[in-house]
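Remarks on the overall topology
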Amino acid sequence: MISFQTVSLRYGDKQVLDQFTLDIPTDQITCLHGPSGSGKTTLLRILAGLVTPDSGTITGRPQKPAMLFQEDRLLPHFTAAENIAAVLPKSQAAEARIWLDRVGLAQDAALHPGELSGGMCRRVALARALAYGRDFLLLDEPFTGLDMALTEQMAALIRKTGLPALVVTHSLAEIELLGGRLLAVDGPPLRVSNA
Amino acid sequence: MKTSSLLDHKLFRAGIACLFWLGVWQILASAVGIPLLLPSPLAVGQALIHLLGTADFRAATGFSLLGISIGFLAGVVAGSLLAWLTWASRLADAIISPFLRLVRTTPVASFIILALLWLSNRTVPMVIAALMVAPILWSSTKTAIEETDQSLLEMGRVYRFSPWRTVRLIYLPQILPQWTAAAATAMGLAWKSGIAAEVIAQPSPAMGTNLFRAKLHLTTDQLFAWTVLVVILSFLLERLFVLAMHRLGRRYT
């Protein structure tokens, strides 16, 4: 269980988290659903180690979480396969092609992000996160730019990994596809309005 | 072939420009009528061909080429390393950056004369070339490091990239184009300052020394011929460098 206990964080004048308390199970997918700017992404960034709260404690933090950012953040000078291999140990670099195959991009392994469509880039970024995923997934709007058929396939792939995840999404349909626990939130400061 | 399609070729356009300026030069030389003041292109061409066959040409060109190239490489390495150092350490930045800015704005002649007081005349061109190159590489490399995409650096942190992997996959691709352009510009400057240092320091044999002697003996055609050689060598080396860098960093450009 990941446990946020009275965590506070302020960005300039904006109080993003104020004595925030939440338990996130590590044996299932948890989906945060709420308005933009409420602080959902901040929660992911804290768990990824990119942001340190001003106060409060977090226990059970995942050791090596994989994160799919809101933007794809692919390395522009490297191919789709190299982008995935970049997060793997050298000895496992060949797995990059297996993951590309799983997201339906086996034929596009040698293409650079600039040569891929938005949806294809999203799938490469997702494949990268899943390939790296050891103990926990942090997924920020994972299906942006994907049509319904691809969203279903990618949601099934995420479920199949069996990894626990914290997912930020605006779509109830996506939560249903992921089979996750819904946490409705609002803010800022972020608070769980209905679990 | 139509004129417009001929003009599409870079080489053809360069040839036209070359012929145009040679024509202007010839007209001016005829108008002046005193070869001592302005020799004709033909006279300079003859002096150049004569120079190419002499042992002095080979020795002087070899010396200048080696010295300035070593100075250039030393400047490139020093400038690049100082860029990383001043970016990584605020203390190093506070100490080193003002010095490099000072070097960039000080007239090269002042450095040459100062260097002559401290060093042998054979090492002065090398040191001057390095001093002129280092601040350019430092400035543009540091700017490129500072402008590296922060979102990719965050991604590297999440995926636990090692420092070497971060440099190779994130920093290097973003820095290399700007670094190559700066190094190519600096190469031209290395030649200009290196030859100027040779003219003042008079190491023998050297292209700058021969330029000065040609002026001293009023052999203006040779003065022009040495200048043409310096320009050609500088141009060829710059092209070679850019070509080599594009090959090395092909995937990043």
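Residues numbered from 1 in each chain as written. Chains lettered and ligands numbered in written order. Predicted model: local features only at pLDDT ≥ 70, side-chain atom pairs only at ≥ 80, totals over all residues. Heavy atoms only, no water.

It is worth spelling out the interface of chain B and chain A at this point. At the junction of the two partners, chain B supplies 16 residues and chain A supplies 26 residues. On inspection of chain B and its partner chain A, the count reaches two salt bridges. Across the salt bridge formed by Glu154(B) and Arg45(A), the nearest N and O atoms sit 2.5 Å from each other. On inspection of chain B and its partner chain A, the count reaches eight residue pairs in polar contact (both at pLDDT 80 or more). Contributing elements (two or more residues each) for the side of chain B that touches chain A: helix H8 (150–158) and helix H9 (163–201) of chain B. (Contact = heavy atoms within 4.5 Å. Salt bridge = Lys/Arg side-chain N within 4 Å of Asp/Glu carboxyl O. Polar contact = N/O pair within 3.5 Å; in protein donor to acceptor, adjacent residues only side chain to side chain. Helix = DSSP H or I, 4+ residues; strand = E, 2+ residues; numbered from the N terminus.)

A separate point is unusual backbone geometry. Most peptide bonds adopt trans geometry, and most residues besides glycine take a negative phi value. Going from Ser204(B) to Pro205(B), the amide bond is cis rather than trans, its omega being -5°. By the secondary structure assignment, Pro205(B) is in the loop between H9 and helix H10 (207–216). Phi is positive for Thr6(A), which is not a glycine, with a value near 45°. Of note, Thr6(A) is situated in strand E1 (residues 2–11). For Thr6(A), a relative accessible area of 38% puts it in the partly exposed group. With a phi close to 50°, Glu141(A) is a non-glycine residue in the positive phi region. (Buried < 20%, exposed > 50% of the residue type's maximum accessible area, 1.4 Å probe, protein only.)

Let's shift gears to the pattern of salt bridges. In total, this model carries seven salt bridges over all chains according to the counting rule given. Of the charged contacts, one joins Glu154(B) and Arg73(A) as a salt bridge, the two residues approaching to 2.7 Å between their closest N and O atoms. With Glu154(B) in helix H8 and Arg73(A) in the loop between strand E5 (65–68) and helix H2 (80–85), this pair bridges two chains. Considered together, Glu154(B) and Arg73(A) belong to a single accessibility category, that of buried residues. Close ionic contact of Asp186(A) with Arg191(A) constitutes a salt bridge, the shortest N to O distance being 3.3 Å. Overall, Asp186(A) belongs to the partly exposed group, its relative accessible area being 23%.

What follows deals with the layout of surface pockets. Residue and element names in this part refer to chain B. Roughly 430 Å³ of volume is contained in the largest pocket. Lining the largest pocket we find Lys 10, Leu 11, Ala 14, Gly 15, Cys 18, Trp 21, Leu 22, Trp 25, Val 228, Phe 235 and Arg 239. Those elements that place two or more of their residues in the lining of the largest pocket are helix H2 (10–32) and helix H11 (220–248). Here the lining of the largest pocket is built from residues that sort into eight nonpolar, one polar and two charged. (1 Å grid on protein atoms, 1.4 Å probe; cavity = no way out; pocket = protein on both sides within 12 Å on 5 of 7 lines; lining within 4 Å. Points joined across faces, edges and corners; volume = space filled by probe spheres on them. Nonpolar A, V, L, I, M, F, W, Y, C, P; charged D, E, K, R; others polar.)

As a further point, take the sheet that holds strand E2 (residues 14–24) of chain A. Residues and elements named next belong to chain A. Spatially, E2-E1-E4 is the arrangement adopted by the three strands of the open sheet, whose pairing is antiparallel. Edge strands, defined here as strands with exactly one partner in the open sheet, are E2 and strand E4 (55–59). Mean inter-strand twist for the sheet, computed between neighbouring axes without regard to direction, equals 20°. Both E1 and E4 contribute to a ladder of four bridges, which runs antiparallel. Paired with Gln 5 across the two strands is Thr 57, which belongs to E4. (Pairing = 2+ DSSP bridges. Axes fitted to C-alpha atoms, helices over the stretch in contact; angles between N-to-C directions.)

Let us now look at the confidence of the model for chain B. All names here are of chain B. Scored by pLDDT, chain B has a mean of 91; 97% of the residues are at 70 or more. Within chain B, H8 carries the highest mean pLDDT (96), whereas helix H1 (residues 3–7) carries the lowest (68). ipTM for the predicted complex: 0.91, alongside a pTM of 0.81. (pLDDT = per-residue confidence, 0-100.)

Take the pairing of E2(A) next. All names here are of chain A. Inspection of the sheet shows E1 paired to E2 by seven bridges, in the antiparallel sense. Counted as the bridge partner of Tyr 11 is Lys 14 from E2. Counting the residues in the hairpin turn of E1 and E2 gives two residues, including Gly 12, whose phi is positive at 60°.

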